[in-house]
Every structure is written in structure tokens, then in C-alpha cells.
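If you want the building blocks of each chain, they are given just below.
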Amino acid sequence: MHSLKLPWPVRNPIALPVDGAEEAFPVRRIYCVGRNYAAHAKEMGSDEREPPFFFTKFPDTAVQSGGAIPYPSRSENFHYEGELVIAIGESASAISSEEALTCVYGYAAGLDMTRRDLQLEARDKGRPWDTGKNFSQSAVVGSICRSAHFGNEFEGKTLRLSVNGQTKQQTDLGLMIWSCAEIISELSTYDVLEPGDLIFTGTPEGVGAVNRGDRIELVINGLQPCVIGVEA
């Protein structure tokens, strides 16, 4: 049997740094939760508590904190969304919310960067959000803090996002409509979660546009900041 020789290189998985460790966290899949803070749901046109819904980004949309990303093509309304990110470390299938956090490897601060004009156009036409959400370097993730160090208590831990030093988003993680445990439990009924999966848990109110040359910083208590620039 002859082995297949591909005319293109096979990429290694995107890997994210882990606090205090030489090892890195290879990214397998990226899931995102939509409208998981009541005030953000209202600013996006919904005011009811609905079951969590999910969308995905390709693994190679992930990019580490600390550099700069390009302003994306086909958009004139490029938005930040600051979020807590869950890193999965053990397989989970239809896991209960009581047991869900046992499969967590750690947590990170992350940015779900969005071509808002393309997302809203797709939403209004009843089409998938892919062009607005799933594009190169749209999932910015900071260093992962292992769950044993971060803990599993979220109330009282704040999320604060600033653009060029000006605060744009600020909330308590305890205000999530669906908790991290509930998100994991629900998502694991659709597919088996596996080590390497990331889950962006939703953004609070205050989303907005960034311009070329801007600097975005997301700070969550207990985690390394997630910082990215937008290329001029």
C-alpha cells in the first residue's frame, strides 16, 4: 500500500500556553455560547432566558494573546466580545451539571472577535453566522490557568474589557445566564466533549467596534490578561 503524499503541509494543532507549565494546550475544537448575559441579550434584541445555543469556530482561528491581528476583509464593523473560556481536559458525554466541572482542565480570558455587519446580515436573512464569526484569528485566547488554581467559584470574579485604556465591558461572572457547569452539561448532549476543546461562555453588554491601530485588553480575576492589537 502506498502512502498518500499531500501537496500541502499538514499543520500541527494550534497550542496555547498554560500558566506555570512547559506544556501547551493543543486546541481541538472551539464552541461558543450565544447571548449568555441578560443585558447583552437585550442589546442584541432579545430579552428572554432561552436555552443556550452554540456556534463554532475552526480550531485554527485561535491565536495567542500578545500580538496583533488584521482588520478583517469584507467588514466595516469589527467588534470585540470579551469572554471567559473553558478548556476541556477530559471526555464528557451527556454529563450532569453536578459533575460537569470535573472535565475542565482550566480557564482563560478570550476575545470572540466578530464581523458584526456580516453577522447581523446573516441573522436577518435566517442564514448561518459563519462569515461573521468563523474567520482567521477571530478567537484570541490568553494563557490557560488550570482549574485547581482558578477554582470553580465564579461569583465575585469580574470581567473587564478596555479599548485603548477605556473600559467598555465590565461584569461579574456570576451574572451568566447559564453557568459553566450548565453549558458543559448541555453541550455534551449534542456531541462528546474531548480534551482540547474550548468553550467561549458568552459576552456581557457593551460590545462595540474597534478600529485599525486599537489595543484591546481583557482582564478576568485570577487569569492572565488577554491583550491584542488591531493592525494599523
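First, a word on scope: everything that follows refers to the structure included in this document. (Residues numbered from 1 in each chain as written. Predicted model: local features only at pLDDT ≥ 70, side-chain atom pairs only at ≥ 80, totals over all residues. Heavy atoms only, no water.)

Topic: the sheet that holds strand β17 (residues 215-220)
Piece 1. Pairing is mixed in the open sheet, where five strands are placed in the order β6-β18-β17-β13-β14. Two strands bound the open sheet, and with one partner strand each, they are β6 (68-69) and β14 (166-172).
Piece 2. Alignment of β6 against strand β18 (residues 226-230), held across two bridges, turns out to be parallel. Residue pairing across strands places A68 opposite G229, the latter belonging to β18. (Pairing = 2+ DSSP bridges. Helix = DSSP H or I, 4+ residues; strand = E, 2+ residues; numbered from the N terminus.)

Comments concerning the packing of aromatic side chains
Piece 1. Taken as a whole and assessed by the stated rule, the structure comprises nine aromatic pairs.
Piece 2. Consider the rings of Y71 and F78, whose centres lie 5.3 Å apart with planes at 70°: the pair is edge-to-face. Judged on exposure class, the residue Y71 and its partner F78 are both buried.
Piece 3. Between the aromatic rings of Y107 and F154, the centroid separation amounts to 5.6 Å while the plane-to-plane angle is 75°, which identifies the pairing as edge-to-face. Of the two residues, Y107 is situated in strand β9 (residues 104-112) and F154 in the loop between α4 (147-150) and β13 (158-163); the sequence distance between them amounts to 47 residues. Each member of the pair, Y107 together with F154, is buried.
Piece 4. Three or more aromatic residues joined by ring pairs form one cluster here, namely F53, F55 and W129.
Piece 5. Between the NZ or CZ atom of R115 and the centre of the ring of F135, over which it lies, the distance is 4.3 Å.
Piece 6. A cation over an aromatic ring shows up here: K157 above the ring of F150, its NZ or CZ 3.6 Å from the ring centre. (Phe/Tyr/Trp six-rings, centres within 6.5 Å; stacked < 30°, edge-to-face > 60°. Buried < 20%, exposed > 50% of the residue type's maximum accessible area, 1.4 Å probe, protein only. Lys NZ or Arg CZ within 6 Å of the ring centre and 35° of its normal.)

Description of the nonpolar core
Piece 1. Within the largest apolar cluster, 47 residues are counted, with the highest numbers of intra-cluster contacts made by L84, Y107, L111, M113, I184, I199 and I216.
Piece 2. Sorting the residues of this core by element identifies β3 (30-34), β7 (78-80), β8 (82-88), β9, β13, α5 (180-187), β17 and β18 as the ones contributing at least two each.
Piece 3. Per-element accounting of this core gives the leading share, five residues, to α5.
Piece 4. Core analysis: the second largest hydrophobic core is formed by 18 residues, A62, A108, A139 and F200 among them. (Core = buried A, V, L, I, M, F, W, Y, C linked by side-chain atoms within 4.5 Å.)

Some words on the pairing of β13
Piece 1. As paired elements, β13 and β14 share six bridges and run antiparallel to each other. Bridge pairing links L161 to Q169 in β14.
Piece 2. In sequence, β13 turns back onto β14 through a hairpin of two residues, with N164 there showing a positive phi of about 55°.
Piece 3. In the sheet, β13 pairs with β17 via five bridges, with the strands oriented antiparallel. In the strand pairing of β17, S162 is matched with E217.

What to know about the pattern of salt bridges
Piece 1. All chains considered together, the criterion is met by eleven salt bridges.
Piece 2. E81 is paired through a salt bridge with K133; the nearest N and O atoms lie 3.2 Å apart. With a gap of 52 residues between them, E81 in the loop between β7 and β8 and K133 in helix α3 (residues 130-133) connect regions that are remote in the sequence.
Piece 3. A relative accessible area of 5% means that E81 is categorised as buried.
Piece 4. Here the residues in one salt-bridge network are K57, E81, D112, R116 and K133, joined through shared partners. (Salt bridge = Lys/Arg side-chain N within 4 Å of Asp/Glu carboxyl O.)

Here we look at unusual backbone geometry
Piece 1. A positive phi angle, near 45°, is found at A94, a position not held by glycine.
Piece 2. Here A94 is to be found in the loop between β8 and β9.
Piece 3. In this structure, Q137 takes a positive phi of about 60° despite not being glycine.

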